[in-house]
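The chain contents come next:
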Amino acid sequence: MTDKDLVKKIKNNDRHAFKELVENHQKLVMNTCKGFLHNEDDAHDVSQEVFIEAYRSVKKFRGDSKITTWLYRIAVNKSLNFIRDNRKHRRLSDIDIMTGKNEKHISTHLNPNLPDTEIENRERSRVLYSAIDELPTNQREAFILNKYENLNYKEISEIMNKSISSIESLLFRAKKNLQVKLYNYYKENL
Amino acid sequence: MDCKEVENRIIEYIEKTLPEIIEMDMKAHFENCENCSRIYNEIVKTYDIIESDKMVGTYPYFADNVITKIENVNKSKINGVLNPENFSFVFSRIAITGIAAVIIFIVGLYILEGSLPFDFFSEPDYLAPENVTNLLLSNL
């Protein structure tokens with residue numbers, strides 16, 4: 001069944017059609033959320049919220065855009081809201097990491113049994129996520145949609161409601177900013 | 001090509017979006033500059049984390065869990081609207097807010113006017129001593 005047919009049925013409260021929609025697009029939503037949240041558990045929770053929101057507001061969906069464009073928009077908004085709402089919690093957990101209260105973090109860095117590559121990869125992840133998180137919101141959004149979902153400029157412009165040239169510019173600046181952060185980090189730490 | 005130019009193009013080099021001639025210059029620089037080569041290798045490994053982050057499979061029962069959550073939310077909404085305990089809780093909140101508003105209004109008037117709108121503390125005129133005396137005398 002096409003997405004259009006599925007949406008028609010979902011508007012008539014067809015649960016099977018909704019289930020099929022979720023199964024078809026679970027990966028798309030999860031990857032997008034993961035790009036923002038860097039954590040599989042959080043991405044899983046927020047992805048569920050995305051589909052719940054989609055179910056609630058399906059009657060408002062007019063079909064002007066593709067269903068995937070609509071889902072991407074909800075996923076981005078839900079992810080950004082989650083980050084904003086949990087910023088306080090994250091600051092406290094950062095303090096726990098710095099003061100050594102976060103046992104998981106301690107075990108990562110002090111556990112002599114972990115292979116070096118595992119420790120190095122975790123550090124690289126930390127550096128990458130920190131660099132992505134420091135990007136301005138628009139640049140971050142464009143970068144995640146491009147890199148995590150392999151969307152082209154046109155697709156991203158439809159999701160973000162911006163011109164293709166704006167998206168080109170956002171992506172260029174995002175990559176430049178990332179480049180500077182990563183280069184400076186490794187220049188000082190190697 | 002110097003190190004600064006290489007620094008400015010590393011991600012384009014990783015993504016293979018540079019013109020061929022510049023790509024060749026960069027490659028030659030990495031072969032001759034140990035520092036840039038080391039930094040480049042680290043950045044490549046870091047950038048590659050994006051690929052390894054992407055989901056490969058899907059969660060089984062994900063769709064079922066979403067549907068269950070929707071059904072639970074619908075049930076609790078119905079219960080919330082029809083639950084009399086919720087209604088009395090809301091009513092008491094409104095009542096307390098109203099009373100608090102009245103008290104604040106009275107205190108505000110006292111502060112502005114320097115007196116209460118109705119004087120609790122002075123006795124009514126008919127209880128003034130001279131009036132009581134007159135009343136008693138008139139009834140004798």
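Keep in mind the model is a prediction, meaning the values are calculated, not measured.

Draft legend 1. Expanded view of the overall build of chain A. From N to C terminus, chain A includes 10 helices and zero strands. Mapped from its N terminus to its C terminus, chain A presents α and β elements in the order α-α-α-α-α-α-α-α-α-α. Counting only residues that meet the buried cut, chain A has 31% of its 190 residues in that class. Contacts in chain A between residues far apart in sequence, at least 24 positions, make up 60% of those at least 6 positions apart.

Draft legend 2. Structural detail: the overall build of chain B. Broken down by element type, chain B carries eight helices and zero strands. When the helices and strands of chain B are read in sequence order from the N terminus, they spell out α-α-α-α-α-α-α-α.

Draft legend 3. Structural context of the interface of chain A and chain B. At the junction of the two partners, chain A supplies 29 residues and chain B supplies 23 residues. Among the elements of the structure, helix 2 (15–37), helix 3 (40–56), helix 7 (116–133) and helix 10 (164–189) of chain A are those that each provide at least two residues to the side of chain A that touches chain B. Examining the composition of the side of chain A that touches chain B, we find that 10 residues originate from one element, helix 2 of chain A, more than from any other. Looking at the side of chain A that touches chain B residue by residue, the class counts come to 14 nonpolar, six polar and nine charged.

Draft legend 4. Examining the packing of helix 8 (residues 137–147) of chain A against helix 10 of chain A more closely. All names here are of chain A. At their nearest, the axes of helix 8 and helix 10 sit 8 Å apart, and the two run at 95 degrees to each other. Compared by their axis directions, helix 8 and helix 10 come out roughly perpendicular. Listed contacts from helix 10 to Asn 138, Gln 139, Arg 140, Ala 142, Phe 143 and Asn 146 of helix 8 are Ile 167, Leu 170, Leu 171, Arg 173, Ala 174 and Asn 177. Split by residue class, the contact of helix 8 with helix 10 holds six nonpolar, four polar and two charged.

Draft legend 5. Fine view of the domain arrangement of chain A. All names here are of chain A. Domain boundaries in chain A define domain 1 (1–85) and domain 2 (134–190). In this structure, domain 1 and domain 2 have C-alpha centres spaced 23 Å apart. At the junction of the two partners, domain 1 supplies 12 residues and domain 2 supplies eight residues. Breaking the side of domain 1 that touches domain 2 down by element, the ones donating at least two residues are helix 2 and helix 4 (67–85). Here the element with the most residues in the side of domain 1 that touches domain 2 is helix 2; it accounts for six residues. Of the residues assigned to the side of domain 1 that touches domain 2, the class counts are five nonpolar, five polar and two charged.

Draft legend 6. The arrangement of helix 10 of chain A in detail. Along its 26 residues, helix 10 of chain A runs 37 Å from first to last C-alpha, staying within 8% of the 38 Å computed at 1.5 Å per residue. Restricting attention to buried positions, one finds in helix 10 of chain A the residues A:Ile167, A:Leu170, A:Ala174, A:Lys175, A:Leu178, A:Gln179, A:Leu182 and A:Tyr183.

Draft legend 7. Quick look at the confidence of the model for chain B. Residue and element names in this part refer to chain B. The predicted model of chain B has a mean per-residue pLDDT of 82, with 79% of residues at 70 or higher. Per-residue pLDDT, averaged within each element of chain B, yields its smallest value for helix 8 (residues 129–139) (73) and its largest for helix 3 (residues 20–32) (95). Scoring of the predicted complex yields 0.74 for pTM and 0.81 for ipTM.

Draft legend 8. Structural view of the environment of A:Gln48. Turning to its location among the elements, A:Gln48 is positioned in helix 3. For the pair A:Gln48 and A:Leu170, spaced 122 residues apart in sequence, the C-alpha separation works out to 29 Å. Ignoring anything within four residues of it in the chain, the contact list for A:Gln48 reads B:Asn65, B:Val66 and B:Lys69.

Draft legend 9. View of the packing of helix 9 (residues 153–160) of chain A against helix 10 of chain A. Residues and elements named next belong to chain A. Taken N-terminus to C-terminus, the directions of helix 9 and helix 10 make an angle of 105 degrees; their axes are 9 Å apart at the nearest point. Here helix 9 lies roughly perpendicular to helix 10, going by the angle between them. Listed contacts from helix 10 to Tyr 153, Lys 154, Ile 156, Ser 157 and Met 160 of helix 9 are Ile 164, Ile 167 and Glu 168. Residue composition of the contact of helix 9 with helix 10, by class: five nonpolar, one polar and two charged.

Cut-offs and rules
Residues numbered from 1 in each chain as written. Chains lettered and ligands numbered in written order. Predicted model: local features only at pLDDT ≥ 70, side-chain atom pairs only at ≥ 80, totals over all residues. Helix = DSSP H or I, 4+ residues; strand = E, 2+ residues; numbered from the N terminus. Buried ≥ 20, exposed ≤ 12 C-beta atoms within 10 Å, placed from the backbone. Contact = placed C-beta atoms within 7 Å. Nonpolar A, V, L, I, M, F, W, Y, C, P; charged D, E, K, R; others polar. Axes fitted to C-alpha atoms, helices over the stretch in contact; angles between N-to-C directions. Parallel < 35°, antiparallel > 145°, perpendicular 65-115°, else oblique. Domains from an automatic or database assignment. Expected span 1.5 Å × (residues − 1). pLDDT = per-residue confidence, 0-100.

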